[in-house]
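Single-letter residue listing:
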Amino acid sequence: MALGSPAAPAHAVSSASDQAPADVAWQKTLRRIGQTNFTEHDPAVLDVEAWADYWAGAKAGAVFISITGILAFYPSNVPFHRRGKYLNGRDFTGELLEAARKRNLCAVARYSPDLNWGDALAAHPEWFMRKESGEPLESEEAPGLYSTCMFSTYMTDYFPAVMREVNSRYDMDAHYTNGWPSFMLPVCYCDACRQLPPSRTSAYWDKFNERFTYLWKLYDSLAKEKKATSFYINNMGGGVHATPNLAMLGEFCEWFQGDNQGRNRSDAPVWGAAQQGRVCNAVLDGKMATNLTGAYTTGPIRWREVTKAAAEAVIWTSQTLASGLVPYYHVVGGEGGLGEDLRWEKIGRDYFLWTARHDAHWVNKNTIANIGVVMGQRTQLFYEPPHDISMQQYMDAIYSALLEGRFLFDFVHEDRLQLERIKKYAAIILPNIALLSDDQCRQLGEYVMQGGSLVATFETSMYTEQNERRADFGLADVFGIHAAGPVIGRPGNANPYMARIERPHPILDGFNDTHWIAGAEFRLPLKPVENPVLTVVPGYTAYPPELSYPLIPRTDEPAVVLRERGSSRLAWFPGDIEPTMWLSGQTDLSRLLVNTIQWVTRGETPISVEGKGLVEIFAWETEPGFALHVLNYTNPNTYHGWFQEFYPIGAQKVRFKLPPGRIVTRIELLRAERDIPFHAEGDAVEFTIPSVADYEVAALYSAKSNGSTGSRVDR
Ligand SMILES: [Zn+2]
């Protein structure tokens, strides 16, 4: 895990922040990454000097240079590493590396171990993934290429041979594999995989993680054979969908490559890069992480060499920066990249050069957040929701409520629920985290005993970490609840249940002129509790309207269970209210969630940002002091398509509580590039961001307070 020698490569120095101390690992000094993803044709058409000039001119600190594994960009002698057909004996990799070095750019070698050709298949049938029928898995998009199996000797013989050849020829700063592991757990019937448990099981996942770790450490050791500061990384995109155990990965990875390049569905919300950032922060303890912005047309229909709308690229890259990751701009192929469509060039260069003017403010120390949201990687991988909804949409649903409430939150991995890690949060949210081990339930109980608050929904803790269903909730004692039977849904298009208001409570703020509010589509019924706030009115026929009336208008089945234990507040929703809210658009449910999170946190927050608009907020302790990032999602394309332009929002009034012993000396808006006045009193500063077009960062320059914390400063 340690880098050995802490010294940065000589060429990294000029790309580093001026403030970077000498003992910081080289990758931690990078502020911008650039990648032209080379095609086989590029040796015939790409202007190497123009390529290097672009990335150096945009002040990238590192570039990715292709080696590959599918085809070689240099005259490889490794059997089955076929030379690209436009290479004509050239060492294209070497030329790119030399051009990058001349401009003081760090260089990461890019490989692709996921596919190889028919001649390799004929010679080494054991290298390849197999269908259940025994047929090799051929690429549908690129016939003639076959998927290699991570459990085969392809990964331990062929691929190390390529890495060793690269070490013998080039001085690369790090080594990166694309294409492996995939974002879905592999399903393979090769001889090696037939010895493993079935693919979509928790037992398989253990084997997958074991093999993943073994290969990672093997490749990392090969990287270090060349030099101690080098290391291996791979493609970890997909937000909550990464396949390896991310808590495990966080222990040994030096650089988290979040390959989440743009919205991948036409109905994907805009916040994918920010969510990726929160996933990285959950496991990395401040280590290097990037997320890619595809300059090209990302989405359900892709044009690899046609530029996407500038506003979409800007909001995506801004999310990367706001969430504490290093922006990374990615273009495919020299023809798209420097030849036919040049629109991407200005978008990336302008953004990068803006960030370069404010580099000191992107060096983050800690997030400022009072809420932890459990991301539930096992639940994401193995749980099967009753809704026709992906687990990504499940996560987007709770995310949208958190944005609506303008909460400051971090993601928390379920393997990192130790009290030492989570005690900084006033509340932990468990959005249907169905799979939790006994130990994880015990940790949450310990957190509650220490005064922490919880919000949980639906089937949270109904399954063990092995995906075995429990008879009762793992968290039954913590919440004082018991399951009363199997999950209840609704037949056809029947009305879901409704929640009858039994007595006033702060979680019901804003629900006037009604005796009931919307419930959820599915619920796991609970045994009655004393003095409930909401009870279930069971669902009933929606059509014909003649029959659309509640057959059972009143029950004692709770629709929420609220408890107070010491300073801890607990809220349990038996319904799967997040996906119901996401699918229906029912605003009762998001309001109920927002009110409940406010109730369990007692309305307290380290930073409040008040104003109109849908925004996402991040706050960091930084080198100069603090930074408050406000992303403006107020846009007709927030939930569909791409941003085409920005719709500025008006004044955002901020109250920012400072840690003891700190004062603020200056506040600068980094997007507007001007200072703003502020008012300090006691332990807080107040200021107004007059407007936010796409994104704004309020940089708070801070000093120690000389002990007089009550001092009053007006600027
Ligand atoms: Zn296999």
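Just so you know, these numbers come straight off a predicted model, no measurement behind them.

Some words on the overall build of the protein
The helix and strand tally for the protein stands at 18 helices and 32 strands. A compact globule built from 715 residues would reach a C-alpha radius of gyration of about 27 Å, and the protein, at 27 Å, matches this within 12%. Counting every position in the protein, which comprises 715 residues, the buried fraction comes to 52%. For the protein, the share of sequence-separated contacts (at least 6 apart) that also reach a separation of at least 24 residues comes to 76%.

Some details on the environment of T457
Mapped onto the elements of the fold, T457 is located in strand β17 (residues 453-457). Sequence separation of T457 and R523 is 66 residues, and the distance between their C-alpha atoms is 9.3 Å.

A short note on the sheet that holds strand β15 (residues 409-412)
Read across the open sheet, the nine strands follow the order β15-β14-β16-β17-β22-β21-β20-β18-β19; overall the sheet is mixed. Every interior strand has two partners, whereas the edge strands, β15 and β19 (516-518), have only one. Going across the sheet, the axis of each strand differs from the next one's by a mean of 20°, ignoring polarity. Pairing of strand β18 (residues 498-501) with strand β20 (residues 534-537) involves four bridges; the strand directions are antiparallel. Looking at β20, one finds that I501 is bridged to L534.

Focus: the domain arrangement of the protein
Along its sequence, the protein is organised into domain 1 (10-111 + 153-185 + 230-357), domain 2 (371-600) and domain 3 (613-714). Between the C-alpha centres of domain 2 and domain 3 the distance comes to 32 Å.

Some details on the sheet that holds strand β9 (residues 288-294)
A sheet is described by the order of its strands in space; here eight strands give the open sequence β7-β6-β3-β2-β1-β12-β9-β8, paired in parallel fashion. A single partner strand is all that each edge strand has here, and the edge strands are β7 (232-234) and β8 (255-258). Strand-to-strand twist in this sheet, taken as the mean axis angle between neighbours without regard to direction, amounts to 25°. Summarising the sheet, strand β1 (residues 33-37) and strand β2 (residues 62-66) pair through two bridges and their orientation is parallel. Paired with I33 across the bridge in β2 is A62. Strands in contact with helix α8 (residues 272-284) are β8 and β9; relative to β9, the strand with the most contacts, it is inclined by about 165°. On top of the sheet, helix α9 (residues 310-322) reaches β9 and β12 (326-332); it is set at about 175° to β9, its chief contact.

Here's the deal with the packing of helix α13 (residues 391-404) against helix α18 (residues 587-600)
Two numbers describe how α13 lies on α18: the axes approach to 9 Å, and their chain directions differ by 65°. α13 and α18 meet at a crossing whose hand is right-handed. Seen from α13, the contacting residues are S400, A401 and E404; seen from α18, they are S590, L593 and V594. Tallied by class, the residues present in the contact of α13 with α18 amount to three nonpolar, two polar and one charged.

Side note on the packing of helix α5 (residues 154-169) against helix α6 (residues 202-226)
Closest axis-to-axis distance for the α5/α6 pair is 10 Å, and the angle between their directions is 20°. As judged from the angle between their axes, α5 and α6 are roughly parallel. The handedness of the crossing between α5 and α6 comes out as right-handed. Across from M155, T156, P160, M163, R164 and N167 in α5, the residues of α6 making contact are L215, L218, Y219, L222, E225 and K226. By residue class, the composition of the contact of α5 with α6 is seven nonpolar, two polar and three charged.

Observations concerning the pairing of strand β6 (residues 174-177)
Regular strands place their side chains on alternate faces of the sheet. Here β6 shows two buried faces, one formed by A174 and Y176 and the other by H175 and T177. Pairing between strand β3 (residues 106-111) and β6: four bridges, direction parallel. Its bridge partner lying in β6, A109 is registered against H175. Viewed along the sheet, the connection from β6 through α6 into β7 turns out right-handed.

Quick notes on the nonpolar core
One finds A107, C149, I371, V373, A427, I428 and A698 to be the most contacted residues of the largest nonpolar core, which totals 225 residues. Of all the elements, α13 adds the most residues to this core, at nine residues. Ignoring any residue separated from it by four or fewer positions in sequence, one finds A698 in contact with L628, V654, I667, L669, F687 and I689.

Side note on helix α3 (residues 92-102)
When we look at burial in α3, the residues that qualify are F92, T93, L96, L97, A99 and A100. One side of α3 holds all its buried residues, which, seen down the axis, span an arc of 165°. Residues of α3 that are buried in the fold lie against α1 (42-45), α2 (48-57), β2 and β3. Where α3 terminates, the next one or two residues include N104, which has phi positive at roughly 60°.

Some remarks on helix α15 (residues 438-449)
With 12 residues, α15 should cover 16 Å at 1.5 Å per step; its first-to-last C-alpha distance of 16 Å lies within 8% of that length. For α15, the complete set of buried residues consists of Q440, C441, Q443, L444, Y447 and V448. Down the axis of α15, the buried set is contained in an arc of 155°. They therefore lie on one face. Close packing links the buried residues of α15 with α14 (419-422), β16 (427-430), β17, α16 (476-479), β21 (558-565) and β22 (568-573). In the stretch just after α15, G451 is the one whose phi turns positive, near 105°.

Digging into the confidence of the model for the protein
Atom-level detail of predicted coordinates should not be read off regions where pLDDT is low. Taken over all residues, the pLDDT of the protein has a mean of 93, while the share at 70 or more is 95%. This stretch, residues 1-20, has a pLDDT under 50; its non-local contacts, to residues over four places away or in other chains, come to 43 contacts. Across residues 708-715, confidence stays below pLDDT 50; counting only partners more than four residues off in sequence or on other chains, it has 10 contacts.

Quick notes on the environment of R662
Mapped onto the elements of the fold, R662 is located in strand β27 (residues 662-669). Taking the C-alpha atoms as reference points, R662 and P269, 393 residues apart in sequence, are found 37 Å from one another. Dropping the residues within four chain positions of it, R662 is found in contact with S702, K704 and S705.

Considering unusual backbone geometry
A cis amide bond links W180 to the next residue, P181, at an omega of -5°. Of note, the bond from Y543 into P544 is cis; its omega dihedral lies within 30 degrees of zero at 0°. Counting through the fold element by element, P544 comes out in the loop between β20 and β21. If you check the backbone angles, K59 has positive phi at about 60° while not being a glycine. Residue placement: K59 occurs in the loop between α2 and β2. By C-beta crowding, K59 is classed as partly exposed, having 18 other C-beta atoms within 10 Å. The backbone phi angle of T68 is positive, close to 70°, even though this residue is not glycine.

Calculation rules
- Residues numbered from 1 in each chain as written.
- Predicted model: local features only at pLDDT ≥ 70, side-chain atom pairs only at ≥ 80, totals over all residues.
- Helix = DSSP H or I, 4+ residues; strand = E, 2+ residues; numbered from the N terminus.
- Rg over C-alpha atoms; globule rule 2.2 N^0.38 Å.
- Buried ≥ 20, exposed ≤ 12 C-beta atoms within 10 Å, placed from the backbone.
- Contact = placed C-beta atoms within 7 Å.
- Pairing = 2+ DSSP bridges.
- Axes fitted to C-alpha atoms, helices over the stretch in contact; angles between N-to-C directions.
- Domains from an automatic or database assignment.
- Left-handed = near helix turned anticlockwise from the far one by under 90°.
- Nonpolar A, V, L, I, M, F, W, Y, C, P; charged D, E, K, R; others polar.
- Parallel < 35°, antiparallel > 145°, perpendicular 65-115°, else oblique.
- Right-handed = clockwise from strand over helix to strand, strands pointing away.
- Core = buried A, V, L, I, M, F, W, Y, C linked by C-beta atoms within 7 Å.
- Arc of directions from axis to C-beta.
- Expected span 1.5 Å × (residues − 1).
- pLDDT = per-residue confidence, 0-100.

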